[in-house]
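# An overview of the molecular structure
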Amino acid sequence: MKKALLCLLVILFGFTVFSITPIKVEAASDSVVHVWFSQYSQENDAMIAIANQFTNETGIAVEVVPRINVFNAANDLVNNAELDDRPDIVFMQAPDIGGLIASGYLESLTAFIDEDITSRFSEVAFDAFSYNGNIYGVGYSIDTYGLLYNKDLISEDDLPTTWEEYFTTGEALTISNDEGEVIQWGILMNSRDMWFNYPIIKEFGGYYYGQFSNGDYNPYDIGLDNEGMVNYVTKVKELKAKNLVLTNKIQGESEIVSRFANGKVAMMIYGLWYASVFKQKNLNYGIASLPDQTDNTTSLALTTVQGFVVNKFTDNLAETLQFLEYILRDDNQQLLIEGGNNNAEKIGTRNPANYAVIASEYIQSDDILASLSGLNSECEPFPNIPEGTIWYNYTTTVFQSIFFGTSDDQEVDVQAKLSELVEAIRSDVALMNYQAERIDIPSWIWAVVIVALIVGIAAYLIIKKFVIKKKKTHYERISWKETFIAWLLMVPLLILLIVFYVYPIIHNIYLSLTDYSGINLRDYGLIGFANYKDIFVAGIDGLASMTVWTVVFAACVVIISFVLGTVLASVLNKVNFHVAKIYRIIFILPWVIPTVITLLMWQGLLETDNGLINQILGLIGIPNIPWLSDPFIAKISTIMVMVWFSFPYFMVIATGHLKAIPKDYFEAAKVDGASAIHIFFTITLPLVFRALIPTLIMSFIMQFNQFGVYILTQGGPASDVIGAPGATDLLITYVFNTAFNTNRYAVAAAYSVIIFVFVALFSLIAMRIGRKVSED
């Protein structure tokens, strides 16, 4: 008993010391400004040159930190905003600022931005970063789009000036061969897209979010189910019948870009993101304004603006604003834009918001860059409110159902489907803004809980000690000194286990009891079991279906992989050693190749229209099989792909255990007249199974949390019911969608706790059963 208590005290002491002892990190000097910038090396070089010049002039040091990409900036700022090496200036997308502002992470720049700055930048550079009447950033690059056109197929003078002309001109320029196959498209659209088609949607009267009188977006005013939207759908269906819309529901903008780059499309709505490809193809193209609306107003492209924001928790606000002002100087904007466009290559990555840069020789000497910058006044920024990106969760699926039918090829009622879309968006908006009643727990209750936990652990250790002592017929007294030294040596390992295993589990459980979300990133509190109530009441159907499919998926993958791996191990165990060695190397390749690369390869192989597997099957007269687009076949495909990944592991493990099976078993079975198949299923497989029970349990857990399925199918095919899990969604992928599509992080944490409990119970039960099987 004394030894157990001592062990408990050692553990608690080590944890306490670790918790209260700060990790000393050398803090940056108060005069150092940290800037998170770009993923492009030449653009970063330009910023470093600007920073060095600024330091020479002011004596204030600046550190420029290259980034992987701009899409992670918001999440990374949340994780680093209050650390010692926190960023002061962050380069990010304007649509990401809403949640950061609501949670108090961004400094208002309204007082900083004076008339001099506003007079030197496009209006959209400030509109995109405006929120609730304040400005929180300054736009640097405007990622807009226009009408790309092939000058060899249509001249600038013949470009359409209205949307009706756009449709009729596109139809006139579309050419088919004698077999009726289209060989040239006048226009080509993606019916599942809403971003590039948004100006056309507005032409017919549809819209995403309405606006209040002060210009702020109203997330409850959604115009995607009105009469104008129905008319838009009717028009696109008409264009689809004329082959002016992609006819494959899997293909997207990349397919349109490919055809345009190869000179097969006269006009498309797009930006310069593939300008380098167009240059490599020597494509003679231009970019012009979008056709005007029917009321003669200018069509506005939905635009993302990238620019600079300031961390609310900066320690050097004065120096930070001083450097930000220095960045915004015309000459420095020129250096950055040139670096962002790879200098002389002028690849079109950056479209300047600064008027002086737009008027510069660098931009005006290039027709494409000059034309693109001329579109800066013909765009509207994407909504930067926290609810802004909700449409991404549903529009692709809804438009796919509307234009291509349901999974069983049934047409849908357009008005009903659009109304379902709007209700789903409104529901998510309400959920994002729902504030559950918080629970105020006095500090003494926490103290009681901690003491009870310590007493419970101590009682468990004491009881276990007595049980073990009673079972022993001879009790050997262990030296206190040896015990103390042994546990002391284990303290570093215990600390690592607590920090990297125990603490994350406890913290995740705590988060599941809070209202932590995209708009409560800092000021979140306890709400009890409200998230679990939401899951088991409102989301019980989805939870049940996903749990069943996840268990079936994991069990099938493990069972098939185990049997297949054991079969191959048995076969290779009987052939020539050198031949077996070669085949083992071949079979183990799926296991050693990086998972992401292999999954993308399988994604291409299983594509319905252009996949290699269907092309091979087509040679023998078998029609295309919808490997990833039919719900049932997609489930089978995911299982088989994951089996392909897993069986080499079991083959290697089984090979070692086969050598441990006495040969007398096999010889006796042969004497009794047993066939090879009978021997395998009655001797080999059971004995290997018993030896691999712990491995099988671990493999089941790994497959239960298999995220590779999401890379392969993105959880699809999507359900015909908006918001329901996709056909191949596992619990873990649904948690991912919940966390990052609606920013309901606490609900996602609750789901992960449920998964943890389920897997833990399964493991305990499986281990008990396995122990009994081994003993028998």
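From a predicted model like this one, the values you see are computed outputs, not experimental measurements.

## What to know about a nonpolar patch on the surface
Side chains of Ile505, Ile509, Phe756, Val757, Leu761, Leu764, Ile765 and Ile769 sit close together on the surface and give an oily, nonpolar patch of about 710 Å² of accessible area. Listing elements by their share of the nonpolar patch, those giving two or more residues are α20 (480-512) and α32 (745-775). The biggest single contributor to the nonpolar patch is α32, with six residues. With respect to the secondary-structure elements, leucine 761 resides in helix α32. Taking the relative accessible area as the measure of exposure, leucine 761 reaches 48% and is therefore partly exposed.

## Side note on the domain arrangement of the protein chain
Entries for the protein chain in the domain assignment read domain 1 (32-142 + 305-379), domain 2 (146-301) and domain 3 (547-741). Each of domain 1 and domain 2 has a C-alpha centre, and the two are 30 Å apart. Every contact between the two is made by 14 residues of domain 1 and, on the other side, 16 residues of domain 2. Both faces considered, domain 1 and domain 2 share a buried interface measuring about 1100 Å² in area, 59% of it formed by carbon and sulfur atoms. Counting across the interface, domain 1 meets domain 2 through zero salt bridges. Run the count over domain 1 and domain 2 and you get four residue pairs in polar contact (both at pLDDT 80 or more). A total of four residues in the side of domain 1 that touches domain 2 trace back to one element, the largest contributor, which is helix α16 (residues 367-373). By residue class, the composition of the side of domain 1 that touches domain 2 is six nonpolar, five polar and three charged.

## Structural notes on the confidence of the model for the protein chain
Of all residues in the protein chain, 93% have pLDDT values of 70 or greater, and the mean over the chain is 87. Contacts for the low-pLDDT stretch residues 1-29, under 50 throughout, to residues beyond four places or in other chains number 32 contacts.

## Points about the side chain of arginine 67
Turning to its location among the elements, arginine 67 is positioned in the loop between β2 (62-65) and α3 (73-80). With relative accessibility at 16%, the residue arginine 67 sits in the buried group. A polar atom in the side chain of arginine 67 sits 2.3 Å from the side chain of aspartate 76. With near-sequence residues (within four places) excluded, arginine 67 lies in contact with Trp36, Phe37, Ser38, Gln39, Asn72, Ala73 and Asp76.

## Considerations on the packing of aromatic side chains
According to the stated counting rule, one finds 45 aromatic pairs in the structure shown. Measuring from centroid to centroid gives 5.5 Å for phenylalanine 91 and phenylalanine 308, while their planes differ by 50°, and the two rings are tilted. A residue pair is termed long-range when its members are at least 10 positions apart, and phenylalanine 91 in strand β3 (residues 89-93) and phenylalanine 308 in strand β14 (residues 301-310) qualify at 217 residues. Taken individually, phenylalanine 91 and phenylalanine 308 each receive the classification buried, so the pair is uniform in this respect. Both rings, one in tryptophan 195 and one in tryptophan 391, keep their centres 6.3 Å apart while their planes meet at 55°; by these two values the pair is tilted. One end of the pair, tryptophan 195, is in the loop between β9 (182-187) and α8 (198-204); the other, tryptophan 391, is in the loop between β15 (379-381) and α17 (395-404), with 196 residues separating them in the sequence. Members of the aromatic cluster, connected to one another through ring pairs, are Trp195, Tyr198, Tyr208, Tyr209, Phe382, Trp391 and Tyr392. Residue placement shows arginine 259 over the ring face of tryptophan 185; its charged tip is 4.5 Å from the ring centre.

## Things to note about the pairing of β9
If a strand is regular, its side chains alternate between the two faces of the sheet. Counting buried positions over the six residues of β9 gives five, a clear majority of the element. Across two bridges, strand β8 (residues 175-176) lies against β9 in antiparallel orientation. Following the sheet pairing, serine 176 is matched in β9 by valine 182. In sequence, β8 turns back onto β9 through a hairpin of five residues, with glycine 180 there showing a positive phi of about 90°. One ladder, built from two bridges, connects β9 with strand β12 (residues 265-270); its direction is parallel. The residue of β12 that forms the bridge with tryptophan 185 is valine 265.

## Let's talk about α3
Residues Ala73, Ala74, Leu77 and Val78 constitute the buried set of α3. For α3, the angular spread of buried residues about the axis comes to 140°, placing them on one side.

## Here's the deal with the packing of helix α26 (residues 631-658) against helix α29 (residues 693-704)
Viewed as axis vectors pointing N to C, α26 and α29 meet at an angle of 155°, and their least axial separation amounts to 13 Å. Here α29 runs roughly antiparallel to α26, going by the angle between their axes. The crossing of α26 and α29 is right-handed. From α26, Met642, Ser646, Tyr649 and Phe650 reach across to α29, where they touch Thr695, Leu696, Ser699 and Gln703.

Cut-offs and rules
- Residues numbered from 1 in each chain as written.
- Predicted model: local features only at pLDDT ≥ 70, side-chain atom pairs only at ≥ 80, totals over all residues.
- Heavy atoms only, no water.
- Patch = residues over 30% accessible without salt bridge, like charges linked within 9 Å, V, L, I, M, F, W, Y side chains within 5 Å.
- Areas by Shrake-Rupley, 256 points an atom, 1.4 Å probe, with all protein chains shown as cover.
- Salt bridge = Lys/Arg side-chain N within 4 Å of Asp/Glu carboxyl O.
- Helix = DSSP H or I, 4+ residues; strand = E, 2+ residues; numbered from the N terminus.
- Buried < 20%, exposed > 50% of the residue type's maximum accessible area, 1.4 Å probe, protein only.
- Domains from an automatic or database assignment.
- Contact = heavy atoms within 4.5 Å.
- Buried area = accessible area lost by both parts, 1.4 Å probe.
- Polar contact = N/O pair within 3.5 Å; in protein donor to acceptor, adjacent residues only side chain to side chain.
- Nonpolar A, V, L, I, M, F, W, Y, C, P; charged D, E, K, R; others polar.
- pLDDT = per-residue confidence, 0-100.
- Phe/Tyr/Trp six-rings, centres within 6.5 Å; stacked < 30°, edge-to-face > 60°.
- Lys NZ or Arg CZ within 6 Å of the ring centre and 35° of its normal.
- Pairing = 2+ DSSP bridges.
- Arc of directions from axis to C-beta.
- Axes fitted to C-alpha atoms, helices over the stretch in contact; angles between N-to-C directions.
- Parallel < 35°, antiparallel > 145°, perpendicular 65-115°, else oblique.
- Left-handed = near helix turned anticlockwise from the far one by under 90°.

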